[in-house]
Amino acid sequence: MRFRNTIKTPFSWGRKYSKSLKISKPVLYGDEVSPPVRFVMMTASLLKIELEFIQIDLFSGENRSESYAKINPLKKVPALAVDNNIILDSHAAAIYLCQTLSSQHLYPNDIILRAKLNEMLFYNSSTLFRLDSEILSQYFAGKLDETKKIEEWQHALDYLDSRLEKNIWLTGNKMNLSDLCLMSTITSMQQLFPLTNRHRKLLSWINRFDNVPEVKEINNRGLRKLKHYIDLFDRTKRSDKF
């Protein structure tokens, strides 16, 4: 699918970030370390929609810059620019991408199935990713109460594990947006709190993504970057003790 548009961007970081950037595809501002960013990228990849990706480095604080605030006043990633419109939420951006195509395999037209799918997206937004964000923020600030947060995280996963009692995917027998969304969040948190036998169905569910190469590749790139920062923080913390 082709988009023909011109987007105004306040970035002035070299030719790539010129004030008037002529593009023929949507522009995604983000950092692959972020689960919501990977969610949008994986959705676009499966839909065969090419995105222009502009790196907003979270660990150097580019998301808090005045220039990025002109694109996303919330100073979060991702932001998806289409024509002169900006979509600021990953769930909304992924749904938008699905609705630009006639094929609805990732966001089915059936109203009950779509309601169940939306239920999972809202669960990610209100519960799972909220916990992910809290835990990682506290971890990198050196203020994480692991005992409390591990149990809170495990409890949130209990519900998802129960969703897989009858189906191989979260809302049925076919992968859709809800699976991509929650997988990106859960695999990020696995870098700190690996899944255990308490959630065997979730372990099997995550392993199914090995059969979706484009999804696995995008997700693993972000996970490697996140692991790098976790390892770097751990080394720095250990060295501070001596």
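As a reminder, the structure under discussion sits directly above these lines.
Residues numbered from 1 in each chain as written. Predicted model: local features only at pLDDT ≥ 70, side-chain atom pairs only at ≥ 80, totals over all residues. Heavy atoms only, no water.

Student: Before we go on, may I ask you to explain the pattern of salt bridges in this structure?
Tutor: Two side chains of opposite charge can pair, provided their charged atoms sit close to one another. Applying the stated criterion across every chain, the model contains 16 salt bridges. Across the salt bridge formed by aspartate 161 and lysine 201, the nearest N and O atoms sit 3.6 Å from each other. One end of the pair, aspartate 161, is in helix H5 (residues 146-163); the other, lysine 201, is in helix H7 (residues 200-207), with 40 residues separating them in the sequence. Overall, aspartate 161 belongs to the buried group, its relative accessible area being 8%. The salt bridge partner of glutamate 217 is arginine 221, with a shortest N-O separation of 3.5 Å. (Salt bridge = Lys/Arg side-chain N within 4 Å of Asp/Glu carboxyl O. Helix = DSSP H or I, 4+ residues; strand = E, 2+ residues; numbered from the N terminus. Buried < 20%, exposed > 50% of the residue type's maximum accessible area, 1.4 Å probe, protein only.)

Student: Help me understand the side chain of threonine 127, please; the structure alone is not making it clear to me.
Tutor: Position of threonine 127 among the secondary structure elements: in helix H4 (residues 111-140). Discounting chain neighbours no more than four positions away, the residues touching threonine 127 are Phe122 and Ala156. (Contact = heavy atoms within 4.5 Å.)

Student: Is there a simple way to think about a nonpolar patch on the surface in this case?
Tutor: A cluster of nonpolar side chains, namely Leu74, Ile86 and Leu88, defines an oily patch on the protein surface of about 250 Å² accessible area. Mapped onto the fold, leucine 88 is located in the loop between strand S6 (85-87) and helix H3 (90-99). Judged by its relative accessible area of 33%, leucine 88 falls in the partly exposed class. (Patch = residues over 30% accessible without salt bridge, like charges linked within 9 Å, V, L, I, M, F, W, Y side chains within 5 Å. Areas by Shrake-Rupley, 256 points an atom, 1.4 Å probe, with all protein chains shown as cover.)

Student: Which parts of the structure should I look at to understand the packing of aromatic side chains?
Tutor: Working definition: an aromatic ring pair is given by the centre-to-centre distance plus the angle between the planes. In total, this model carries nine aromatic pairs according to the counting rule given. When the centroid spacing of 6.3 Å and the interplanar angle of 55 degrees are considered together, the rings of tyrosine 29 and tyrosine 68 count as tilted. Taken together, the residues span a long stretch of sequence, with tyrosine 29 in strand S3 (residues 27-30) and tyrosine 68 in helix H2 (residues 66-69) at a distance of 39 residues. You'll find tyrosine 29 and tyrosine 68 in the same group, each marked buried. The interplanar angle of 80 degrees and the centroid separation of 5.2 Å between the aromatic rings of tryptophan 169 and phenylalanine 209 together place this pair among those described as edge-to-face. A residue pair is termed long-range when its members are at least 10 positions apart, and tryptophan 169 in the loop between H5 and helix H6 (177-189) and phenylalanine 209 in the loop between H7 and helix H8 (213-240) qualify at 40 residues. Accessibility expressed as a relative area gives 3% for phenylalanine 209, which makes it buried. What links up through ring pairs into an aromatic cluster is the set Phe59, Tyr139, Phe140, Tyr229 and Phe233. (Phe/Tyr/Trp six-rings, centres within 6.5 Å; stacked < 30°, edge-to-face > 60°.)

Student: Before we go on, may I ask you to explain the nonpolar core in this structure?
Tutor: Across soluble globular proteins, nonpolar side chains show a tendency to be buried alongside one another. Grouped together as the largest cluster of nonpolar side chains are 68 residues, with contacts concentrated most on Leu160, Leu177, Ile186 and Trp205. Ranked by the residues each element gives to this core, the list is headed by H4, at nine residues. Setting aside residues no more than four positions away along its own chain, isoleucine 186 makes contact with Leu128, Trp153, Leu157, Leu160, Leu195, Leu202, Trp205 and Ile206. (Core = buried A, V, L, I, M, F, W, Y, C linked by side-chain atoms within 4.5 Å.)

Student: Just checking my understanding: could you explain the packing of H6 against H7 for this structure?
Tutor: In helix packing, the relevant descriptors are the interaxial angle and the interaxial distance, both defined with respect to the helix axes. The interhelical angle for the contact between H6 and H7, taken along N-to-C directions, is 110 degrees, at an axis separation of 11 Å. Regarding the angle of H6 to H7, the classification is roughly perpendicular. Facing H6, whose interface residues are Asp179, Leu182, Met183, Ile186 and Thr187, H7 presents Leu202, Trp205 and Ile206. A class-by-class count of the residues in the contact of H6 with H7 yields six nonpolar, one polar and one charged. (Axes fitted to C-alpha atoms, helices over the stretch in contact; angles between N-to-C directions. Parallel < 35°, antiparallel > 145°, perpendicular 65-115°, else oblique. Nonpolar A, V, L, I, M, F, W, Y, C, P; charged D, E, K, R; others polar.)

Just geometry here; none of it tells us what the structure is for.
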